[in-house]
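Letter by letter, the chains look like this.
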Amino acid sequence: MPYTPPPDLAALSLEDIARMVAERRLPPVDQWHPAEELDSQMEIRADGSWWHQGGPITRPAMVRAFSTLLMRDDAGQHWLVTPQDRQRIAVVDAAFVAVDVARIDGALVFRLNTDDTVVAGPDHPLIARGDAETPAIYLAVRHGCLARINRSTWGQLVDMALEKAGMDGGTDGGLSVDSLGISFPLTPQ
């Protein structure tokens, strides 16, 4: 099956994005509870690259397929889950990387390194970690997994926050962005 690149986020309406997200059928990994546990011998590095037995996985379609099977448990361990087994996968920072953002109809829409589209909001909050000097911003994706906001996307968010601060007449101690009516701080509180 040939690869079709995703459309430009800024060219889509929120309705278009909602339809795209609804049409994407993901495996129900949260409903699978296999007893067998294995080690996948895989690692997702901090830059979002996937590795198996020390070598990079260079086929983007394979990475996209594996990413649909990811979940993170309450202890922070990431797993590739199938109906037959669940395999540990080492994740250095976050399972995904947010590589682009667009503000559309009052929502922040993110594109991930796996071509997933996620709308920040109550089910997918932005989470500020680190400290005021070196903040790290994450987006909740699915099944406990997070996406690290990359540097260029962070810059886009800061521009949006500064624009918002100008409209609000200043900030009250920190920059924030809004999505679906929720305000998300860009520095740890």
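Our subject is the structure listed above.
Cut-offs and rules
Residues numbered from 1 in each chain as written. Predicted model: local features only at pLDDT ≥ 70, side-chain atom pairs only at ≥ 80, totals over all residues. Heavy atoms only, no water. Helix = DSSP H or I, 4+ residues; strand = E, 2+ residues; numbered from the N terminus. Rg over C-alpha atoms; globule rule 2.2 N^0.38 Å. Buried < 20%, exposed > 50% of the residue type's maximum accessible area, 1.4 Å probe, protein only. Contact = heavy atoms within 4.5 Å. Areas by Shrake-Rupley, 256 points an atom, 1.4 Å probe, with all protein chains shown as cover. Lys, Arg positive; Asp, Glu negative; His and termini not counted. Charge placed at Lys NZ, Arg CZ, Asp CG, Glu CD. Salt bridge = Lys/Arg side-chain N within 4 Å of Asp/Glu carboxyl O. Polar contact = N/O pair within 3.5 Å; in protein donor to acceptor, adjacent residues only side chain to side chain. Pairing = 2+ DSSP bridges.

K.L.:
Tell me about the overall build of the protein chain, and please be specific about residues and values.
P.N.:
When helices and strands are tallied, the protein chain shows 3 helices and 14 strands. Taken against the 2.2 N^0.38 rule, which gives 16 Å for 189 residues, the C-alpha radius of gyration of the protein chain at 17 Å falls within 12% of a compact globule. Across its three principal directions, the C-alpha atoms of the protein chain cover 55 × 35 × 30 Å. Among the 189 residues that make up the protein chain, the fraction classed as buried is 38%. Of the contacts formed within the protein chain by residues at least 6 apart in sequence, a portion of 56% connects residues at least 24 apart. In the form shown here, the protein chain has an accessible surface area of approximately 10,400 Å², with 52% of it arising from carbon and sulfur atoms. On the protein chain, the mean spot of the 16 positive side-chain charges and the mean spot of the 26 negative ones are 5 Å from each other.

K.L.:
Give me the pattern of salt bridges: which residues, what numbers.
P.N.:
Under the counting rule described, the total for this entry stands at 8 salt bridges. Here R45 makes a salt bridge to E43, at a shortest N to O gap of 3.2 Å. Assessed through its relative accessible area of 30%, R45 is described here as partly exposed. Look at E43 and you get partly exposed, because its relative accessible area is 25%. Ionic contacts of the salt-bridge type, sharing partners, join the residues E37, R86 and R88 into one network.

K.L.:
Go over the side chain of D85, please, and point to the residues and values.
P.N.:
Note that D85 resides in strand β6 (residues 85–91). Buried D85, no salt bridge; nearest opposite-charge side chain is R86, N-O distance 8.8 Å. Within the structure, the side chain of D85 is placed 3.5 Å from the side chain of Q87, a separation counted as a polar contact. Setting aside residues up to four positions removed in sequence, D85 forms contacts with P34, E36, L38 and L80.

K.L.:
Requested: an account of the sheet that holds strand β5 (residues 78–81), with residues and values cited.
P.N.:
Read from one edge of the open sheet, 6 strands run β3-β2-β1-β6-β5-β4, paired in mixed fashion. The sheet is open, and its two edges are formed by β3 (55–56) and β4 (70–72), each paired on a single side. Pairing of β4 with β5 involves 3 bridges; the strand directions are antiparallel. Considered in β5, the bridge of R72 is made with H78.

Honestly, it's all geometry; don't read function into it.
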